[in-house]
Amino acid sequence: MSYAHGSRRALITGGAGFLGSHLCERLLTMDFEVVCLDNFLTGSAANIAYLLHDPRFQAIECDINEVAEIPGEIGLVLHFASPASPADYLRFPIQTLQAGSSGTLRALEVARANSTFAVFGAA
């Protein structure tokens, strides 16, 4: 896998969710710096609490639809921001659609601004 500018810094949207938090952990073990972006609608701070001691990990509470930019070079964008269960889809239908549409657009814009390799998952 190639990364923009050789950067080993990753942005994971939905990083406090089940999948996102495990991706954060895995990338840290691969010696990445990790920026976790989550609005905590369905993700949990408890899922990433054990990562906060790592200086290579940064958690930002923000909705992907509202993020202006992520400062610094980013080599990898993983987009997993979305309520991700049938129960959540029913509870948060608008947020689910926004994460899958405008959230995906915003994640792509961040990737493009950084000439970044992007992976789009659950959203």
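Here, every reference points to the structure presented above.
From a predicted model like this one, the values you see are computed outputs, not experimental measurements.

Caption draft 1: Inspection of the pattern of salt bridges at higher detail. For the coordinates displayed, the defined rule picks out 3 salt bridges. A salt bridge links Arg56 to Asp31; its shortest N-O distance comes to 3.2 Å. Of this pair, Arg56 sits in the loop between helix H2 (45-48) and strand E3 (57-61) while Asp31 sits in the loop between helix H1 (18-29) and strand E2 (33-38), and the two are 25 residues apart along the sequence. The exposure class assigned to Arg56 is partly exposed, which follows from its relative accessible area of 27%. When salt bridges with common partners are traced through the structure, they connect Asp31, Asp54 and Arg56 into a single cluster.

Caption draft 2: Layout of the pairing of strand E1 (residues 9-13). With 5 of 5 residues buried, E1 is to be regarded as a mostly interior element. Summarising the sheet, E1 and E2 pair through 5 bridges and their orientation is parallel. Note on E2: the bridge partner recorded for Thr13 is Leu37. At this point the chain moves from E1, through H1, to the parallel E2, and the crossover so formed is right-handed. Looking at chain direction, E1 and strand E4 (residues 76-79) are connected through 4 bridges and run parallel.

Caption draft 3: Focus on the environment of Asn47. With respect to the secondary-structure elements, Asn47 resides in helix H2. You can call Asn47 partly exposed: its relative accessible area is 29%. For the pair Asn47 and Ala16, spaced 31 residues apart in sequence, the C-alpha separation works out to 5.7 Å. Residue contacts for Asn47: discarding those within four places in its chain leaves Ala16, Gly17, Phe18 and Ser21. A polar contact is formed between the side chain of Asn47 and the backbone oxygen of Ala16, at a distance of 2.8 Å.

Caption draft 4: Quick look at the nonpolar core. Of all hydrophobic cores here, the largest spans 15 residues; its most connected members are Cys24, Leu27, Val34 and Phe57. Looking at this core, the elements with two or more residues in it are E1, H1, E2 and E4. If you tally residues by element for this core, the top one is H1, at 3 residues. Every residue in contact with Val34, bar those within four places of it in the chain, is listed here: Ala10, Ile12, Cys24, Leu27, Leu28, Arg56, Phe57 and Gln58. Listed in part, the 13 residues of the second largest apolar core include Ile64, Val67, Ile70 and Ala81.

Rules of the game
Residues numbered from 1 in each chain as written. Predicted model: local features only at pLDDT ≥ 70, side-chain atom pairs only at ≥ 80, totals over all residues. Heavy atoms only, no water. Salt bridge = Lys/Arg side-chain N within 4 Å of Asp/Glu carboxyl O. Helix = DSSP H or I, 4+ residues; strand = E, 2+ residues; numbered from the N terminus. Buried < 20%, exposed > 50% of the residue type's maximum accessible area, 1.4 Å probe, protein only. Pairing = 2+ DSSP bridges. Right-handed = clockwise from strand over helix to strand, strands pointing away. Contact = heavy atoms within 4.5 Å. Polar contact = N/O pair within 3.5 Å; in protein donor to acceptor, adjacent residues only side chain to side chain. Core = buried A, V, L, I, M, F, W, Y, C linked by side-chain atoms within 4.5 Å.

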